[in-house]
Amino acid sequence: MNLAAIQHYSFDNFCYALNDDELVISILTGKDVDRVFIVSGDPFEAGIMGGNWQWHGTEKEITAKKELQNHFRWTTMLRPEFKRLSYYFRILSGTEERFFTYNGFFTKEEFENGGSRHGKFIMPWMNSADTNRTPAWAENAVWYQIFPSRFARGKSDFTPQNLIPWQKYGESIPFSKNHREPVYGGNIQGIIDHLDYLKELGITGIYTTPLNKASSQHKYDTTDYMEIDEEFGTKETMRRFVQEAHARGISVMLDGVFNHSGWFFEKWQDVWKNRENSAYKDWFMVNDFNFTEPAHGHGQGNAGTGKYYSFAFTDFMPKLNTNNKEVRDYIISACRSWVQDYDIDGLRLDVANEISHVFCQELRAAMKALKPEFYIIGEIWHNSMPWLRGTEYDSVMNYPLQNSIADFCAQDKQCVKDFEFAVNRCYSMYYEQTNRVLFNQMDSHDTIRILNRCGKNKTRARQALTLLFAMPGSVCIYYGTEIMLEGGYDPDNRRCMPWNEIEAGMFKDDFAFMQTLIALRKEQGALRSTDYEFIYDKDDAYGKSRILRIAKHAEGETIIVLLNCGTFPDDFATDEAAAAQILLRSPGILVYKTQ
């Protein structure tokens, strides 16, 4: 037995409370393991600790398992009668048997001779206040991410400087070395004008990139956290936007940039003018006050030499010191005003892994006090367990899943088994309640658009989107993805929405496909479920082909998502289709409910 492959800890995603009554326990083993049993019971069932007694517990086999690249992950659910649990594992591999406790591995003879000296794993108490609780409504949400300056230009009394005509469909946005971004004039009124379009599509949530006053077109260089950027509108426009969205059953989530500010943020300007004598010098992370103004507001001469810290090495985005209580109080005050003044429903935090944990904890407490079901997600691109224990974020942007789906659909290099390993990894990193609200996208303002990532192969892009809508989580599409809008890497992924062509019906088939996916996601609970399994034919038991079958289960129903990601004939699923209740059929795609 490969003992080195076996892992378990009595905390985090290995042992946690799903709710007030149910405890989830998982263990990793090597693939040589055949069976796993858990022996569990109340820690005090035979007496208090230190007494002369023998603890026994009740044995249960763990049958649910997911296959990872180098491990099996076995998971079970228990209901401790008295809210606490002691336990150990009995593991079988061929003729070998090992007992796994807090103190290590033992043969049967060693274990029986050791008696109560073998320490057991323990969940001391399932405190209700410690249970990670995520917003239930987010599990069912279908989000639409908007980059406001490129989405739509509505009527406004304000004319931005350097305004140019709305970009023509098919034109790209080239990278500019001097960072002079084209100004197309998209605004909040433009979003309001197209809320019925989003309602018709089936959207139930809007996530907008920053709306606060800033110098750039992307607005991630905040100048004033209390004001709406005048290019986008006014506070009254913002209030009307949220009201009109809510009237259509659409939630609103804003983007919060709290890792750094912009160069023209008044507190930073005070530091720039007064240096070490500034009252705000500790609001930032300045190591040498002899810094210079970056050319055109950009450059890396200060951050790159360590004079002060910034976002990446971008001089015009000085890093906020969220270790400083004054900074935390200021930002949280701004967030409170967004909820109280505009009635927003959620926040997405930019560069969320560099902000202090204490800030995240205080922000969560403040937002949940205003709205208990407020939804907070962080932009984190890697394993985010430290932020997802129930005291900070509800969710993170699920880039691991995005990359797993895109890598499989966009290229021919992976087989189905590779994809299964990747998906199972994505859904074994966190608690189940977190998995249900992970923020899942195939593209965003930070990534190449999914159509371009798939080599402009629409069938492959649709397959990727089908998988996205079949996975657990809070699903989101980037503006324009519903019409297969093209776009390369930043800034080309931020093209203008082609409203003239949309209204002329140029993209009606793409729009209808997305409408169907969204409708199925809403109607079929199995598609939202965390209960899934990969199905293999007897002729492909090891998953070496690129015919993908995933079964999703919920409330006694099963839906099969079947994709032909290889070079097989288009009628690859004729027999299955004949005996099924077909929910969606498109080239290389078949989604059906079993009879």
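Scoring rules and cut-offs
Residues numbered from 1 in each chain as written. Predicted model: local features only at pLDDT ≥ 70, side-chain atom pairs only at ≥ 80, totals over all residues. Heavy atoms only, no water. Helix = DSSP H or I, 4+ residues; strand = E, 2+ residues; numbered from the N terminus. Rg over C-alpha atoms; globule rule 2.2 N^0.38 Å. Contact = heavy atoms within 4.5 Å. Areas by Shrake-Rupley, 256 points an atom, 1.4 Å probe, with all protein chains shown as cover. Lys, Arg positive; Asp, Glu negative; His and termini not counted. Charge placed at Lys NZ, Arg CZ, Asp CG, Glu CD. Expected span 1.5 Å × (residues − 1). Buried < 20%, exposed > 50% of the residue type's maximum accessible area, 1.4 Å probe, protein only. Pairing = 2+ DSSP bridges. Axes fitted to C-alpha atoms, helices over the stretch in contact; angles between N-to-C directions. 1 Å grid on protein atoms, 1.4 Å probe; cavity = no way out; pocket = protein on both sides within 12 Å on 5 of 7 lines; lining within 4 Å. Points joined across faces, edges and corners; volume = space filled by probe spheres on them. Nonpolar A, V, L, I, M, F, W, Y, C, P; charged D, E, K, R; others polar. Polar contact = N/O pair within 3.5 Å; in protein donor to acceptor, adjacent residues only side chain to side chain.

A. Local environment of the overall build of the chain. Each helix and strand counted, the chain has 18 helices and 25 strands in total. For 595 residues, the compact-globule estimate of 2.2 N^0.38 gives 25 Å, and the chain sits close to it at 26 Å. The principal-axis extents of the C-alpha atoms in the chain amount to approximately 80 × 70 × 45 Å. In the chain, of all internal contacts separated by at least 6 residues, the share reaching a separation of at least 24 is 68%. For the chain, the accessible surface area stands at approximately 25000 Å², while carbon and sulfur atoms represent 48% of it. Charge separation in the chain, taken as the distance between the mean sites of 65 positive and 80 negative side-chain charges, equals 1 Å.

B. Spotlight on helix H16 (residues 508–523). The end-to-end C-alpha separation of H16 is 22 Å, in line with the 22 Å expected for 16 residues at 1.5 Å each. Within H16 the residues assigned to the buried category are Asp 510, Phe 511, Phe 513, Met 514, Leu 517, Ile 518, Leu 520 and Arg 521.

C. Representation of the sheet that holds strand S1 (residues 15–17) within the structure. Taken in spatial order, the four strands make up an open sheet running S1-S2-S6-S5, and their pairing is antiparallel. Either end of the sheet is taken by a strand with one partner, and the two such strands are S1 and strand S5 (64–67). Neighbour-to-neighbour, the strand axes of the sheet open up by a mean angle of 20 degrees, direction not taken into account. Looking at chain direction, strand S2 (residues 23–29) and strand S6 (residues 72–78) are connected through seven bridges and run antiparallel. Pairing of Leu 28 across the sheet is with Arg 73, part of S6.

D. Structural context of the layout of surface pockets. Estimates place the volume of the second largest pocket at around 540 Å³. Mapped by element, the contributors of at least two residues to the lining of the second largest pocket are S2, S5, S6 and helix H12 (432–435). Here the element with the most residues in the lining of the second largest pocket is S6; it accounts for four residues. When the residues that make up the lining of the second largest pocket are grouped by side-chain class, the tally is eight nonpolar, eight polar and five charged.

E. Up close: the pairing of strand S23 (residues 557–564). By the criterion of burial, S23 is predominantly enclosed, with seven of the eight residues buried. Direction of pairing for strand S22 (residues 547–554) relative to S23: antiparallel, over a ladder of eight bridges. Across the sheet, residue Ala 554 finds its bridge partner in S23, namely Glu 557. The loop that links S22 with its antiparallel partner S23 comprises two residues; one of these, Glu 555, has a positive phi angle of about 50 degrees.

F. Just the side chain of His 218, in detail. Along the chain, His 218 falls in the loop between strand S13 (212–214) and strand S14 (222–228). We classify His 218 as buried; its relative accessible area is 13%. A polar contact is formed between the side chain of His 218 and the side chain of Ser 216, at a distance of 3.1 Å. At a separation of 2.9 Å, a polar atom in the side chain of His 218 contacts the main-chain amide nitrogen of Tyr 220. Not counting residues within four places of it along the chain, the set of residues in contact with His 218 comprises Phe 147, Glu 181, Pro 210, Met 317 and Arg 494.

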